[in-house]
Amino acid sequence: MSKRIGADAVATKGWWSAHRWLLLRRFSQLSILALFLLGPLAGIWLVKGNLNFSYTLDILPLTDPYVALQSLAAGHVPEMLGSLGVLIVLLFYFLVGGRVYCSWVCPVNMVTDAAGWLRDRLGIKGSVHLSRQTRYWILGMTVGGSALSGVVLWELINPVSMLHRGLIFGLGTAWTVVLAVFLFDLFVMSRGWCGRLCPVGAFYGLLGRWSPLRVRAGQRQACNDCMDCFEVCPEPQVIRPALKGEDKGVGPVILAPDCTNCGRCIDVCAKDVFAFGLRGNNPASTLPGQRQGAGE
Amino acid sequence: MESNSNKKTLARRQFIFDSARMACGVGMLGLGLGLYAKQSKALPALALRPPGALPEDDFLGACIRCGLCVRDCPYNTLSLARPEEPVATGTPFFTARNIPCEMCDDIPCIKACPTRALDHGLTDINRAKMGIAVLIDHETCLNFLGLRCDVCYRVCPVIDKAITLDMVPNQRTGRHAMFLPTVHSEHCTGCGKCEKSCVLEEAAIRVLPPKLAKGELGSHYRVGWEEQKKAGGSLIDESKMLDLPDRLPEGAVVPGHYDPASGMTATARGVPGSEAGAIPSAPPGLGGKP
């Protein structure tokens, strides 16, 4: 491959516009982490806890519904505050898209994105094949296993909470697990962790199954088949139906729950095919003059 | 037509094989995790859970590893287990010898817990059961050596209930008393202040999980004097009780002992006219003239 992904977009839109959502995402990930770190590092306790449960300004409880689900399977109902936190988080991700958690909040995303970026720069080809359905099987196993063992099963080894908790409460040897995820994504399996294995992402994917906020290939007739969006997307299988579905009468909204709403496709497209939009705005055809339903 | 149904069969076979592959692969991962979960329930004896913690089996299912109890502990007693520590990763614990529980009246760690891993019904910290102190080494405890260390007794927040000093004769010197620190499990909260403050290099008193610290009487056991107290009197007709003669070893004389065979009482030592001599091979404390 001669040119880098998104080079066209940088040339036409400028560097900042071609990295807009990426930068916003990094800003979101880092500032959430900073809010958590402000307490232990600077003594400013805006937020207590970690991603499993946090309490902001002694007002806002947020509970990871996947951890709560495993705990529930093990036979334990949270206290009032914990339950309230579950409801708030469920509602939020139900609206904005479950895997927004993955791309805008999860600290491991920066690790696996770094692995993906390095993999691309080093030109590492070849990857062990594993179905993208694997994570759903693991999700089922962890919930069933929690019920059988009476232990919040995935929390025993969850790299997401190990990293996040480690940064806030003391890392210990958790860095080895994070390094393992990085090297796994780099050498063993392209987009292996977030795209195939992680049951946290699988859970949030199911949660955002019907979320109204989605990426739309609204200008898909402008697509020049440069393939940059497919190259940059962590879940490339979600793009095709929306981008190439004109002939089959498929609407332009990316409906697949695996889409993380990361917005990288919006960034790297020189033709501005993609934009954030609403699920309902999904006419079968986006060709001018053939519009059905609500247009833009 | 035939090729179509053939294709269907092939697709079905493929689907079944794919599912089997997933089920087996993920099943193996699950098996490994399950065994790991079983291991993680074995909490090391010196790792103590916060007050009100459910029994370990339930605790690992109820605790969501958020660390709110750690944050609200004013004495930095609690910490979340790191992966290399022998406690389930991310769960709160403390080691009494490092920082014991200060037994706050308002129990902020329980209040902070968003789950029921810490029992919100526990409002009196004196009823906490984080563990039970055990005076584990009678050979090095200074009070057992006949000295008056008493530190564990002095620092106990439930002094004179959870730890008492029980006076017994010092048989080494024959003329002093020993004050043995004695733990009463009914009142001990397992805060660990005794273990923390034990002056020895290695603490002679340690807080252990109740399961390790306590014996248990058979369920059919009844302690006579307690039954008597409950009934308000003897449970048997004492007038019909037979008093069988007690016998001493040949030639032994215990001062003041009534010998039903001869109907005589041995004269107490030191009493004028006493002929009681040295008792042959008598246990210490009984024998020898002063």
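Residues numbered from 1 in each chain as written. Chains lettered and ligands numbered in written order. Predicted model: local features only at pLDDT ≥ 70, side-chain atom pairs only at ≥ 80, totals over all residues. Heavy atoms only, no water.

A short note on the overall build of chain A
Moving on, step 1. Of regular secondary structure, chain A possesses 15 helices and five strands.
Moving on, step 2. Its C-alpha atoms give chain A a radius of gyration of 20 Å, near enough to 19 Å, the size a compact globule of 296 residues would have.
Moving on, step 3. Across its three principal axes, chain A shows a C-alpha extent of roughly 55 × 45 × 40 Å.
Moving on, step 4. Relative to all contacts within chain A whose residues are 6 or more apart in sequence, the contacts with residues 24 or more apart total 74%.
Moving on, step 5. For chain A, the accessible surface area stands at approximately 12,800 Å², while carbon and sulfur atoms represent 68% of it.
Moving on, step 6. Computed over 27 positive and 18 negative side-chain charges, the inter-centroid distance for chain A is 3 Å. (Helix = DSSP H or I, 4+ residues; strand = E, 2+ residues; numbered from the N terminus. Rg over C-alpha atoms; globule rule 2.2 N^0.38 Å. Contact = heavy atoms within 4.5 Å. Areas by Shrake-Rupley, 256 points an atom, 1.4 Å probe, with all protein chains shown as cover. Lys, Arg positive; Asp, Glu negative; His and termini not counted. Charge placed at Lys NZ, Arg CZ, Asp CG, Glu CD.)

Quick look at the interface of chain B and chain A
Moving on, step 1. Taken together, the contact between chain B and chain A spans 39 residues of the former and 40 residues of the latter.
Moving on, step 2. Surface buried jointly by chain B and chain A totals about 3,300 Å² across both partners, of which 69% is contributed by carbon and sulfur atoms.
Moving on, step 3. Counting across the chain B and chain A interface gives two salt bridges.
Moving on, step 4. Taken together, chain B and chain A are joined by 13 residue pairs in polar contact (both at pLDDT 80 or more).
Moving on, step 5. It is helix H1 (residues 2-40) of chain B that contributes the most residues to the side of chain B that touches chain A, eleven residues altogether. (Buried area = accessible area lost by both parts, 1.4 Å probe. Salt bridge = Lys/Arg side-chain N within 4 Å of Asp/Glu carboxyl O. Polar contact = N/O pair within 3.5 Å; in protein donor to acceptor, adjacent residues only side chain to side chain.)

Observations regarding the packing of aromatic side chains
Any pair of aromatic rings gets described here by the distance separating the centres and the angle formed by the planes.
Moving on, step 1. One pass over the full model with this rule turns up eleven aromatic pairs over all chains.
Moving on, step 2. When the ring of Tyr93(A) is compared with that of Tyr101(A), the centres are 5.9 Å apart and the planes differ by 80°; the resulting orientation is edge-to-face.
Moving on, step 3. Accessibility expressed as a relative area gives 7% for Tyr93(A), which makes it buried.
Moving on, step 4. In textbook terms, an aromatic cluster arises when at least three aromatic residues are bridged by ring pairs, as seen for Tyr66(A), Phe92(A), Tyr93(A), Tyr101(A), Phe203(A) and Tyr204(A).
Moving on, step 5. Over the face of the ring belonging to Phe169(A) we find Arg71(B), whose NZ or CZ atom lies 4.0 Å from the ring centre. (Phe/Tyr/Trp six-rings, centres within 6.5 Å; stacked < 30°, edge-to-face > 60°. Buried < 20%, exposed > 50% of the residue type's maximum accessible area, 1.4 Å probe, protein only. Lys NZ or Arg CZ within 6 Å of the ring centre and 35° of its normal.)

Structural notes on the confidence of the model for chain A
Where the model shows low pLDDT, its predicted coordinates should not be examined in detail.
Moving on, step 1. Across chain A, pLDDT averages 87, with 95% of residues at or above 70.
Moving on, step 2. Within the model, pLDDT remains below 50 along residues 290-296 of chain A, and this stretch shows eleven contacts once partners closer than five positions in the same chain are excluded. (pLDDT = per-residue confidence, 0-100.)

Let's talk about the nonpolar core
Residues and elements named next belong to chain A.
Moving on, step 1. Core analysis: the biggest nonpolar cluster contains 103 residues, and Tyr-93, Tyr-101, Ile-239 and Phe-274 have the highest contact counts within it.
Moving on, step 2. Ranked by the residues each element gives to this core, the list is headed by helix H12 (residues 199-207), at five residues.
Moving on, step 3. Among residues more than four places away in sequence, those in contact with Tyr-101 are Leu-51, Asp-64, Tyr-93, Cys-106, Val-160, Val-200 and Tyr-204. (Core = buried A, V, L, I, M, F, W, Y, C linked by side-chain atoms within 4.5 Å.)

Section: a nonpolar patch on the surface
Residue and element names in this part refer to chain A.
Moving on, step 1. Judged by side-chain polarity, Leu-57, Ile-59, Leu-60, Met-80, Leu-84, Leu-87 and Ile-88 come together as a nonpolar surface patch covering roughly 690 Å² of accessible area.
Moving on, step 2. The dominant element in the nonpolar patch, judged by the number of residues it contributes, is helix H5 (residues 80-96), at four residues.
Moving on, step 3. Residue classification places Ile-88 among the partly exposed positions, given a relative accessible area of 31%. (Patch = residues over 30% accessible without salt bridge, like charges linked within 9 Å, V, L, I, M, F, W, Y side chains within 5 Å.)

Notes on the layout of surface pockets
Residue and element names in this part refer to chain A.
Moving on, step 1. Estimated volume of the largest pocket: approximately 1,100 Å³.
Moving on, step 2. When contributions to the lining of the largest pocket are tallied by element, the ones reaching two or more residues are helix H1 (7-13), helix H2 (15-18), helix H3 (20-42), helix H6 (100-105), helix H7 (108-122), helix H13 (228-232) and helix H15 (264-268).
Moving on, step 3. Top element by residues in the lining of the largest pocket is H7. It accounts for ten residues.
Moving on, step 4. Among the residues making up the lining of the largest pocket, the classes are represented as 20 nonpolar, twelve polar and 16 charged. (1 Å grid on protein atoms, 1.4 Å probe; cavity = no way out; pocket = protein on both sides within 12 Å on 5 of 7 lines; lining within 4 Å. Points joined across faces, edges and corners; volume = space filled by probe spheres on them. Nonpolar A, V, L, I, M, F, W, Y, C, P; charged D, E, K, R; others polar.)

Looking at the side chain of Arg220(A)
Moving on, step 1. Of note, Arg220(A) is situated in the loop between strand E4 (213-216) and H13.
Moving on, step 2. Within polar-contact distance, the side chain of Arg220(A) engages the backbone oxygen of Val250(A) at 2.8 Å.

Concerning the sheet that holds strand E3 (residues 60-63) of chain A
The pairing of strands in a sheet comes from backbone hydrogen bonds and takes either a parallel or an antiparallel form.
Residue and element names in this part refer to chain A.
Moving on, step 1. In space, the three strands of this open sheet follow the order E1-E2-E3, with antiparallel pairing throughout. Both outer strands of the open sheet, strand E1 (47-50) and E3, are each paired with one neighbouring strand and no more. Going from strand to strand, the sheet's axes swing by 5° on average, the running direction of each strand aside.
Moving on, step 2. With four bridges joining them, E1 and strand E2 (residues 53-56) adopt antiparallel strand pairing. Its bridge partner being in E2, Asn-50 is matched across the sheet by Phe-53.
Moving on, step 3. With respect to the sheet, H5 is in contact with E2 and E3, its orientation differing from that of E3 by roughly 75°. (Pairing = 2+ DSSP bridges. Axes fitted to C-alpha atoms, helices over the stretch in contact; angles between N-to-C directions.)

Here's the deal with the pattern of salt bridges
All names here are of chain A.
Moving on, step 1. Inspection of the entire model under this criterion finds 21 salt bridges over all chains.
Moving on, step 2. One salt bridge connects Glu-235 with Arg-135, and the closest N-O pair in it is separated by 2.9 Å. With Glu-235 in the loop between H13 and helix H14 (239-243) and Arg-135 in helix H8 (residues 134-149), this pair connects stretches of sequence that are 100 residues apart. Judged on exposure class, the residue Glu-235 and its partner Arg-135 are both buried.
Moving on, step 3. As a salt-bridge pair, Arg-165 and Glu-155 come within 3.9 Å of each other at their nearest N and O atoms. With Arg-165 in helix H9 (residues 159-169) and Glu-155 in the loop between H8 and H9, this residue pair connects regions lying ten residues apart in the sequence.
Moving on, step 4. Residue Arg-165 is classed as buried on the basis of its relative accessible area, which comes to 4%.

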